[in-house]
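Structural overview for review
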Amino acid sequence: MTINAERGVSNPASSLGEAVGKLFEAAILEGLKGEVEARNHTIRPARLTNGTGNTYQIDAVVFDAADNPIIIIDPKYIRYTKHNRDKGSWLCVAHYNLRKTFPTIRKSIAVLAGRWSAPSQALIRSFGVQILEVPFDRMVTVLGNRGVEFDWPERGGRDTQQRANLAFDALDEATRNSIAIEMTADIQEQLAADVIDVLDADINALPRRISGVEVLLKTEQDEMVLLSFDSVAASLQAMAQLVSDRPDISDLLETRAH
């Protein structure tokens, strides 16, 4: 694992955070390579485009021998809780849209490091994304053991940030790699097990039962109505009301609004 980056010091907190985030991402990727490649799959960062043309950069995608995406994994680090909504929402939208476009994707995982709130995690899980977590305190401890003070208030702490940035710059590559490995040690075994379970499963031998149906209706006024059903029969029963191409579905919109 090698992290090479030209890092400015005009914003030492941002600079150090970016460097630690890259170490974190690299550790996740490198920690899975052996098990993935042993099963004739590959893992790498990739840009995947969904059916409407939106492209998402995913930090770790497991591909099969035919280069179909099988698992998408996103390590995400945040220091401040104010970034929960932006990054959490991005995970929800990206993983949900890509799974709709690529039916070969059988699992999506978010490895969250830093300060992630319970509501943000609940939102991410509601979109079918599995979560593994590296708490911020764990990162502070691992970096602190190498002389890098990583905890400071959101406002102020400039001197601490500069000292930490300089201390991190002084570390050699081996020490930085050891930080990455130790920082993710508590979740790597579970992550590897979850990935292996997917890759070792004989997908062709498993029944593909429908667990739910979603129907998205769009009107000429660009309104959208998402209908969710527990079964195909229930969805067909509801859609039977629309088979005559009704000229006006205002009543349906009003019902869904209440």
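Everything here concerns the structure above.
Being a predicted model, the structure only gives us computed values, none of them experimental.

**Regarding the pattern of salt bridges**
For the coordinates displayed, the defined rule picks out 11 salt bridges. Measuring nitrogen to oxygen at the nearest pair gives 3.8 Å for the salt bridge that ties lysine 76 to aspartate 74. Judged by its relative accessible area of 15%, lysine 76 falls in the buried class. Between glutamate 149 and arginine 163 there is a salt bridge whose closest N-O contact spans 3.8 Å. Here glutamate 149, found in the loop between α4 (136-144) and α5 (158-169), pairs with arginine 163, found in helix α5; they are 14 residues apart in sequence, far enough to count as distant. In this structure glutamate 149 comes out as partly exposed when scored by relative accessible area, which is 41%. What emerges from the salt-bridge pattern is a single network uniting Glu35, Arg39 and Asp200.

**A word on the sheet that holds strand β4 (residues 107-114)**
Spatial ordering of the open sheet is given by β1-β2-β3-β4-β5, a layout of 5 strands whose pairing is mixed. Here the strands that pair on one side only, and so sit at the sheet edges, are β1 (42-49) and β5 (130-135). On average, adjacent strands in this sheet sit at an angle of 30° to one another, irrespective of strand direction. Bridge count between strand β2 (residues 55-63) and strand β3 (residues 69-78): 4 bridges; the pairing is antiparallel. Within the sheet, the bridge partner assigned to valine 61 lies in β3 and is isoleucine 72. Packed on one face of the sheet, helix α3 (residues 118-126) meets β4 and β5 and runs near 155° to β5. Set on the sheet, α4 makes contact with β3, β4 and β5; between it and β5 the angle comes to about 40°.

Definitions and limits used
Residues numbered from 1 in each chain as written. Predicted model: local features only at pLDDT ≥ 70, side-chain atom pairs only at ≥ 80, totals over all residues. Heavy atoms only, no water. Salt bridge = Lys/Arg side-chain N within 4 Å of Asp/Glu carboxyl O. Buried < 20%, exposed > 50% of the residue type's maximum accessible area, 1.4 Å probe, protein only. Helix = DSSP H or I, 4+ residues; strand = E, 2+ residues; numbered from the N terminus. Pairing = 2+ DSSP bridges. Axes fitted to C-alpha atoms, helices over the stretch in contact; angles between N-to-C directions. Contact = heavy atoms within 4.5 Å.

Shape descriptors only; they carry no functional weight alone.
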